[in-house]
Amino acid sequence: MNLYFDAAATTPLSEKALEAYIKTEREFFANPSSLHKEGVKAHKELERNRAEIADLISVPPASLFFTSGATESIAAVFSSFLLSTPGKVIISSIEHDAVSSWLRPLERSGWKTAMLKAKGGIVRKEDLEAELTSDTRLVAIMSVNNVTGAVENIKELVETVRSYEKGLKHRIFFFSDSVQALGKIPFDPVALGIDGASFSAHKINGPRGIGALYLRRPEAFTAIAPAGGQEKGKRGGTENLPAIAGFRAALGEWMDGAEERREHIKMLSNRIKDAINGLGFHILSPADASPYIISFASPLPSEVYTRMLSERGISVSSGSACSNNTKGEGERILLSMGIRSSEAKNAVRISLSNGSDSDGVDELIKAIKEIGHGR
Ligand code: PLP
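No experiment lies behind these values; they were computed from the predicted model shown.

Enquirer: Break down the site of the ligand for me, with residues and values.
Expert: Inspection of the region around the ligand gives Ala70, Thr71, His96, Met142, Asn146, Asp177, Val179, Gln180, Ser200, His202 and Lys203 as its neighbouring residues. Here Ser200 contributes a side-chain N or O atom positioned 2.6 Å from an oxygen atom of the ligand. Contacts to the ligand include His202, whose side-chain N or O atom sits 2.7 Å from an oxygen atom. Here the ligand loses 83% of its free accessible area of 390 Å² to cover by the protein chains. Of the residues that constitute the shell around the ligand, the class distribution is three nonpolar, six polar and two charged.

Below, the structure written as structure tokens:
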């Protein structure tokens, strides 16, 4: 029985990912950049992993660069713009801090910034259209929101940018933080036409500290410093090969039978939503959100409610804080969606993973009913 419902924060490492990690650490210990035979062997293994991960994400291997995770992938993109000629950057108001915290440094460097509202959790193309100007260089809109599971209309938003761009001499870089999309909704970066995307392995039972940056046109992207030239100069530093192998193993496992698994998660998610609705609590996630994330307005301040669930052995996250370090991030996101402050303060996030099971969901529902409307 699995009582861990905070998979949007992180997931446990799968056995297969751990095995792949250990095996690779033992067998391919050499630096993939070394020219001796062990180095060549490690390099081959690195490229084999890249090809398999790229295939699972449906992107060309040459467009995928390993980083320490989404935060670093995002930083690679935003820092490269920071040092280029200032223009305008447009992001949505529901971005993770890993994206939104770049606005300040960009503003300090002379960039104009705009934040798009996301009423009900969804960014509207009309709002994007209204902000696009001839000096717009970068647009960043996430694929799936980490607080509510809202799935953005990325294809439509990319098309909006592409049609505006026709009258310009330069291209606008469309970035989509896709951490909560990978493996959790049907997601095809190439078909969506995005220029860049970020991923973290630990959200899908892979190791922490490993992730990837997808770049549609790597040749058009210059990292601020290529360091040792690894990852074709997009991300210097010795590659974390064991973690990359763990990422590959976890993603392979996660994607195996992905459609049926998503159906199963949807069924579990609907059961949880029915129970929440039955008690009259407001579900804050849009109706067509990712089934892996459910946010609702609990009857108590979120810290109190999450503690009460924790006392019953159930781990969820406070939708208003999400993590201890980013207090207020969830609340900021919920308020920008038009959620009332009283509800945002009581928000609780339940997030599922492929390891979620019916017995665990039964216990969660039982606990939610037991707590009811509070003391
Ligand atoms: N973006 C989103 C939407 C996330 O949910 C997270 C993690 O919570 C991140 C970015 C940052 O990921 P990491 O901490 O793995 O770099």
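From this point, things continue past the structure.
Enquirer: Explain unusual backbone geometry to me, and be specific about the residues and the numbers.
Expert: The backbone of Asn205 shows a phi angle near 70°, a positive value even though the residue is not glycine. Among the residues examined, Asn205 registers a relative accessible area of 15% and is labelled buried. Of note, the phi angle at Lys232 is positive, near 50°, even though the residue is not glycine. Within the secondary structure, Lys232 sits in the loop between β7 (211–215) and α9 (241–255).

Enquirer: For the nonpolar core, give the residues involved together with the corresponding values.
Expert: Most often, soluble globular proteins keep nonpolar side chains buried together rather than apart. Within the largest apolar cluster, 87 residues are counted, with the highest numbers of intra-cluster contacts made by Phe247 and Ile350. Mapping this core onto the domain boundaries places at least three of its residues in each of domain 1 (3–12 + 258–371) and domain 2 (15–255). When near neighbours in sequence (up to four residues on either side) are disregarded, Phe247 contacts Ile53, Phe66, Leu182, Ala201, Ile204, Pro207, Ile210, Gly211 and Ala212. Ile74, Val77, Phe78 and Val89 belong to the second largest nonpolar core, which has 22 residues in total.

Enquirer: So what's going on with the packing of aromatic side chains? Which residues, and what values?
Expert: In the structure shown here, the tally under the stated rule is eight aromatic pairs. For the pair Phe281 and Phe296, a centre-to-centre distance of 6.1 Å together with 20° between the ring planes defines the contact as stacked. Of this pair, Phe281 sits in the loop between α10 (258–278) and β8 (293–297) while Phe296 sits in strand β8, placing them 15 residues apart in sequence. Each member of the pair, Phe281 together with Phe296, is buried. Residues Phe296 and Tyr305 carry aromatic rings whose centres are separated by 5.8 Å and whose planes lie at 85° to one another, so their mutual orientation is edge-to-face. Note on accessibility: Phe296 and Tyr305 belong to one class, buried. Here the aromatic residues Phe78, Trp102 and Phe175 are joined through ring pairs into a cluster of three or more. Just above the ring of Phe28 sits the side chain of Lys41; from NZ or CZ to the centre is 5.3 Å.

Enquirer: Which residues make up the layout of surface pockets, and what values go with them?
Expert: Within this model, the second largest pocket holds a volume of roughly 300 Å³. Looking at the second largest pocket, it is lined by 14 residues, and the ones nearest its centre are Phe81, Phe173, Arg217, Ala220 and Phe221.

Enquirer: Please give an account of the sheet that holds β8 that cites residues and values.
Expert: A sheet is described by the order of its strands in space; here three strands give the open sequence β8-β10-β9, paired in antiparallel fashion. Edge strands, defined here as strands with exactly one partner in the open sheet, are β8 and β9 (317–318). Bridging between β9 and strand β10 (residues 347–351) involves two bridges; their strand directions are antiparallel. Opposite Ser318, over in β10, you have Val348 as the bridge partner. Sheet strands touched by α10: β8 and β10. Its angle to β8, the strand with the most contacts, is close to 5°.

Enquirer: Lay out the pattern of salt bridges with the relevant residues and their values.
Expert: The tally for this structure, following the rule as stated, stands at 27 salt bridges. For Lys37, the salt bridge identified is with Glu38, shortest N-O distance 3.7 Å. For Glu38, a relative accessible area of 32% puts it in the partly exposed group. Here Lys345 ties to Glu331 by a salt bridge, and the two come within 3.0 Å at their closest N and O atoms. In this pair, Lys345 is assigned in helix α13 (residues 341–345) and Glu331 in helix α12 (residues 329–336), connecting sequence segments 14 residues apart.

Enquirer: How would you sum up a nonpolar patch on the surface? Please name residues and give values.
Expert: Residues Leu13, Leu18 and Ile22 make up a contiguous nonpolar surface patch of about 210 Å² in total accessible area. Relative to the helices and strands, Leu18 is located in helix α1 (residues 15–27). With a relative accessible area of 34%, Leu18 lands in the partly exposed category.

Enquirer: Just give me the short version of the environment of Ser315, but keep the residues and values in it.
Expert: If you trace the backbone, Ser315 turns up in the loop between α11 (302–311) and β9. Judged by its relative accessible area of 33%, Ser315 is partly exposed. Sequence separation of Ser315 and Leu3 is 312 residues, and the distance between their C-alpha atoms is 6.4 Å. With near-sequence residues (within four places) excluded, Ser315 lies in contact with Leu3, Tyr4, Phe5 and Asp6.

Enquirer: Describe the environment of Ser92, and please don't skip the residues or the numbers.
Expert: Counting through the fold element by element, Ser92 comes out in strand β2 (residues 88–92). Assessed through its relative accessible area of 1%, Ser92 is described here as buried. For the pair Ser92 and Leu128, spaced 36 residues apart in the sequence, the C-alpha separation amounts to 9.0 Å. Beyond its immediate sequence surroundings of up to four residues, Ser92 is in contact with Met115, Leu116, Val123, Ala140 and Ile141. A distance of 2.7 Å separates polar atoms of two side chains, one belonging to Ser92 and the other to Glu95.

Definitions and limits used
Residues numbered from 1 in each chain as written. Predicted model: local features only at pLDDT ≥ 70, side-chain atom pairs only at ≥ 80, totals over all residues. Heavy atoms only, no water. Near = heavy atom within 4 Å. Polar contact = N/O pair within 3.5 Å; in protein donor to acceptor, adjacent residues only side chain to side chain. Areas by Shrake-Rupley, 256 points an atom, 1.4 Å probe, with all protein chains shown as cover. Nonpolar A, V, L, I, M, F, W, Y, C, P; charged D, E, K, R; others polar. Buried < 20%, exposed > 50% of the residue type's maximum accessible area, 1.4 Å probe, protein only. Helix = DSSP H or I, 4+ residues; strand = E, 2+ residues; numbered from the N terminus. Core = buried A, V, L, I, M, F, W, Y, C linked by side-chain atoms within 4.5 Å. Domains from an automatic or database assignment. Contact = heavy atoms within 4.5 Å. Phe/Tyr/Trp six-rings, centres within 6.5 Å; stacked < 30°, edge-to-face > 60°. Lys NZ or Arg CZ within 6 Å of the ring centre and 35° of its normal. 1 Å grid on protein atoms, 1.4 Å probe; cavity = no way out; pocket = protein on both sides within 12 Å on 5 of 7 lines; lining within 4 Å. Points joined across faces, edges and corners; volume = space filled by probe spheres on them. Pairing = 2+ DSSP bridges. Axes fitted to C-alpha atoms, helices over the stretch in contact; angles between N-to-C directions. Salt bridge = Lys/Arg side-chain N within 4 Å of Asp/Glu carboxyl O. Patch = residues over 30% accessible without salt bridge, like charges linked within 9 Å, V, L, I, M, F, W, Y side chains within 5 Å.

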